[in-house]
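Here's the letter readout for the chains.
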Amino acid sequence: SVSNETLFRSVSRAPVDPLGVATRATAGATLDLVHEALLEAISPLLTARGVKAASLPKPSLLAVGVWTRPDAKEPLGPPVGYTAPTKVYYAPEVSGSLGAACGVSGLSEGEY
């Protein structure tokens, strides 16, 4: 399984560019690892629906956002990368509605 957020760091082009794209030609092993991890994570859902994991095609492309967390020592963020902004907390009394906090008009908790 994939438990280390830094797995995706190698797919990002540069610390200041969070877009990472991997294709079968450039990162086939990474695509396979991510695919296997996702299948493992959703296996109870697949089983409940009678879907065999082996029937799902392997991905040909992965696009992922890889962020860094800047600090005083590393103003562009350390060279490890995370697949989501970290330590982000939503509090309606601070941010207002969920849609306003995320910049998505009308976003509901269920959609989030």
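Residues numbered from 1 in each chain as written. Predicted model: local features only at pLDDT ≥ 70, side-chain atom pairs only at ≥ 80, totals over all residues. Heavy atoms only, no water.

A. Representation of the overall build of the protein chain. Per the secondary structure count, the protein chain includes three helices and three strands. In the protein chain, the succession of α and β elements from N to C terminus is β-β-α-β-α-α. Counting only carbon and sulfur atoms, one obtains 60% of the accessible surface of the protein chain, whose full area is about 7900 Å². (Helix = DSSP H or I, 4+ residues; strand = E, 2+ residues; numbered from the N terminus. Areas by Shrake-Rupley, 256 points an atom, 1.4 Å probe, with all protein chains shown as cover.)

B. Representation of the pattern of salt bridges. Counted according to the given criterion, the structure contains two salt bridges. Here D32 ties to R24 by a salt bridge, and the two come within 2.9 Å at their closest N and O atoms. A salt bridge links K58 to D32, with the nearest nitrogen and oxygen atoms 3.8 Å apart. Separated by 26 residues along the polypeptide, K58 in the loop between helix 1 (24-49) and strand 3 (61-65) and D32 in helix 1 bring together distant segments of the chain. Residues participating in the shared-partner salt-bridge network are R24, D32 and K58. (Salt bridge = Lys/Arg side-chain N within 4 Å of Asp/Glu carboxyl O.)

C. Representation of a nonpolar patch on the surface. A contiguous nonpolar patch, built from L19, V21 and L61 and spanning about 240 Å² of accessible area, is present on the exposed surface. Mapped onto the fold, L61 is located in strand 3. Taking relative accessible area as the criterion, L61 reaches 49% and is therefore assigned partly exposed. (Patch = residues over 30% accessible without salt bridge, like charges linked within 9 Å, V, L, I, M, F, W, Y side chains within 5 Å. Buried < 20%, exposed > 50% of the residue type's maximum accessible area, 1.4 Å probe, protein only.)

D. Geometry of helix 1. Given a rise of 1.5 Å per residue, 26 residues ought to cover 38 Å, yet the end C-alpha atoms of helix 1 are separated by just 28 Å, more than 12% below that figure. Largest kink in helix 1: about 60°, centred on I42, with the proline P44 one to four residues after it. Listed in full, the buried residues belonging to helix 1 are A27, G28, T30, L31, V34, H35, A37, L39 and L46. Looking one or two places after helix 1, you find G50, whose phi comes out positive at around 75°. (Expected span 1.5 Å × (residues − 1). Bend = angle between axes of the 7 residues up to and from the residue.)

E. Structural view of the environment of G28. Turning to its location among the elements, G28 is positioned in helix 1. A relative accessible area of 17% means that G28 is categorised as buried. For the pair G28 and K58, spaced 30 residues apart in sequence, the C-alpha separation works out to 10.0 Å.

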